[in-house]
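Results of the structural survey
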Amino acid sequence: AESLLRSQVTVDAVAVTNNFVFNDPLRWEVEVSKIDFGTRLASEFGAPVVRIFAGDLPDDWSDPEKANERVFEGLCRAVEDAAERGVSLGLENHGRSHGSPEPLLELLERVEKATGSDALGLTFDIGNFSLAGHDPVKAAKLLAPHVRLIHVKDFSSAPIPYDILVADESTRPRYERPDGSHAYGCPIGEGWVPILPALQALHANGCSLEGVPILVEYEGGVDCRSELP
């Protein structure tokens, strides 16, 4: 924190990679502790928000309702720790189970009702909504007031030349969409993700773009030092 102050670098968010979908109670507690550690870091760094996940159903999980309860319980615990430190949580739209706008909104509202705290909000990943087959503009109109953090990235339908070192073609990032088509990371503005319309929809529907950090997740493959500016 002292080094950040000396260098005048600000930290807009802390990222935690967690997964609440575990039957083992000890492992579930580990996932809760990850977020607790993230909120302590955010508080120390002066970051307003911690990006978190809900988790996703493993292929051998047979009870989706139980999985949803584990996520709900985990988020309620995490909210208590975050609220004590004055830090917000940004639940990212990510994965098969928690990538749709309507269920995300229901989950946010359920946690707020149970905890009495509005510390849980949303990390709105524009590219993730597009990748999962959802219209980010429609999602923005529904979720804008709950957004605490925004992720921007772009995808194309065809692979692009890679400057980043990869072992072979099979290691190049490729994502499968619900319709069976493939998506590849590309420099922002060169793909089909409606980045600007989604940002405009967020702004028009209650998300202050001046107060919400907008972070680039670069998966373009071409040298980021030339592409990001």
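A brief structural summary. What you see is a predicted model; the values in this text were computed from it and never measured.

**Focus: the overall build of the protein chain**
The helix and strand tally for the protein chain stands at eight helices and nine strands. Here the C-alpha coordinates of the protein chain stretch approximately 50 × 45 × 40 Å along the principal axes. The burial tally for the protein chain puts 43% of its 229 residues in the buried class. Counting contacts in the protein chain only where the partners sit at least 6 residues apart, residues at least 24 apart contribute 79% of the total.

**Let's talk about the packing of aromatic side chains**
Scanning the entire structure with this criterion turns up four aromatic pairs. With a centroid separation of 6.4 Å and 45 degrees between ring planes, the pair formed by Phe-20 and Trp-28 is classed as tilted. Judged by its relative accessible area of 0%, Phe-20 is buried. Residue classification places Trp-28 among the buried residues on the basis of a relative accessible area of 7%. Ring centres of Phe-124 and Phe-129 lie 4.9 Å apart, and the angle between their planes is 55 degrees; this geometry places the pair in the tilted category.

**Things to note about the sheet that holds strand S3 (residues 88-92)**
Strand order in the open sheet made by the six strands is S1-S2-S3-S4-S5-S9, with parallel pairing throughout. With one partner strand each, in any of the chains shown, strand S1 (13-15) and strand S9 (214-216) form the two edges of the open sheet. The average angle at which neighbouring strand axes cross in this sheet is 30 degrees, direction not considered. Summarising the sheet, strand S5 (residues 147-152) and S9 pair through three bridges and their orientation is parallel. Residue Ile-150 lies in a different strand from S9, and its bridge partner there is Ile-214. With respect to the sheet, helix H4 (residues 101-115) is in contact with S3 and strand S4 (120-125), its orientation differing from that of S4 by roughly 160 degrees.

**Regarding the side chain of Thr-123**
In this structure, Thr-123 sits in strand S4. From its side chain, Thr-123 meets the backbone oxygen of Gly-90 in a polar contact 2.8 Å long. Ignoring sequence-local partners within four residues, the contact set of Thr-123 consists of Arg-51, Gly-90, Leu-91, Glu-92, Asn-93, Leu-149 and His-151.

**Here's the deal with the pairing of strand S8 (residues 182-186)**
Counting buried residues in S8 gives four out of five residues, a clear majority hidden from the surface. Bridge analysis of strand S7 (residues 175-176) against S8 gives two bridges, and the strand direction is antiparallel. In the sheet register, Tyr-175 faces S8, and the bridge partner there is Ala-183. Linkage of S7 to S8, two consecutive antiparallel strands, is achieved through a turn of five residues, within which Gly-180 is found at a positive phi near 90 degrees.

**Some words on the sheet that holds strand S6 (residues 154-156)**
By way of backbone hydrogen bonds, the strands of a sheet pair with one another, either parallel or antiparallel. Spatially, three strands are ordered S6-S8-S7 in an open sheet, and the strand pairing comes out antiparallel. Looking at which strands have only one partner, the edges of the open sheet turn out to be S6 and S7. Note that S6 and S8 share three bridges and pair antiparallel. The residue bridging Ser-156 from the neighbouring strand is Tyr-184, located in S8.

**Let's talk about helix H7 (residues 195-204)**
Turning to H7, its buried residues are Ile-195, Ala-198, Leu-199, Ala-201 and Leu-202. One side of H7 holds all its buried residues, which, seen down the axis, span an arc of 160 degrees. Along H7, exposed side chains directed more than 90 degrees from the buried face belong to Leu-196 and Ala-204. Contacts made by the buried residues of H7 are with S4, helix H5 (126-131), helix H6 (136-143), S5, S6 and S9. Looking one or two residues beyond H7, the residue adopting positive phi is Gly-206, at roughly 110 degrees.

Procedures and definitions
- Each chain has its residues counted from 1, following the order in which its sequence is written.
- In keeping with the predicted nature of the model, local features appear solely for residues at pLDDT of at least 70, side-chain atom pairs appear and are counted solely at 80 or more, and the whole-chain, interface and lining totals rest on all residues.
- Only hydrogens and water are removed before side-chain values are computed, so all heavy atoms of the structure are retained for them.
- Secondary structure counts use DSSP, requiring at least four H or I residues in a row for a helix and at least two E residues in a row for a strand, with both numbered from the N terminus.
- The classification of residues rests on relative accessible area computed with a 1.4 Å probe and restricted to protein chains. Under 20% of the type maximum is buried, over 50% is exposed, and intermediate values are partly exposed.
- Residue contacts are defined here by distance: any two heavy atoms, one from each residue, within 4.5 Å place the two residues in contact.
- For Phe, Tyr and Trp, rings pair up if their centres lie within 6.5 Å, where Trp contributes its six-membered ring, and each pair is then called stacked (planes under 30 degrees apart), edge-to-face (over 60) or tilted (otherwise).
- At least two bridges found by DSSP between two strands is the condition for calling them paired.
- Here an axis means a line fitted to C-alpha atoms, over the contact stretch when the element is a helix, while the angle between two N-to-C directions is reported on a 0 to 180 degree scale.
- Two N or O atoms form a polar contact when they lie within 3.5 Å of each other; inside protein one atom must be a possible hydrogen donor and the other a possible acceptor, and for residues adjacent in sequence the pair counts only when both atoms belong to side chains.
- Note that the arc is defined by the directions from the helix axis to the C-beta atoms.

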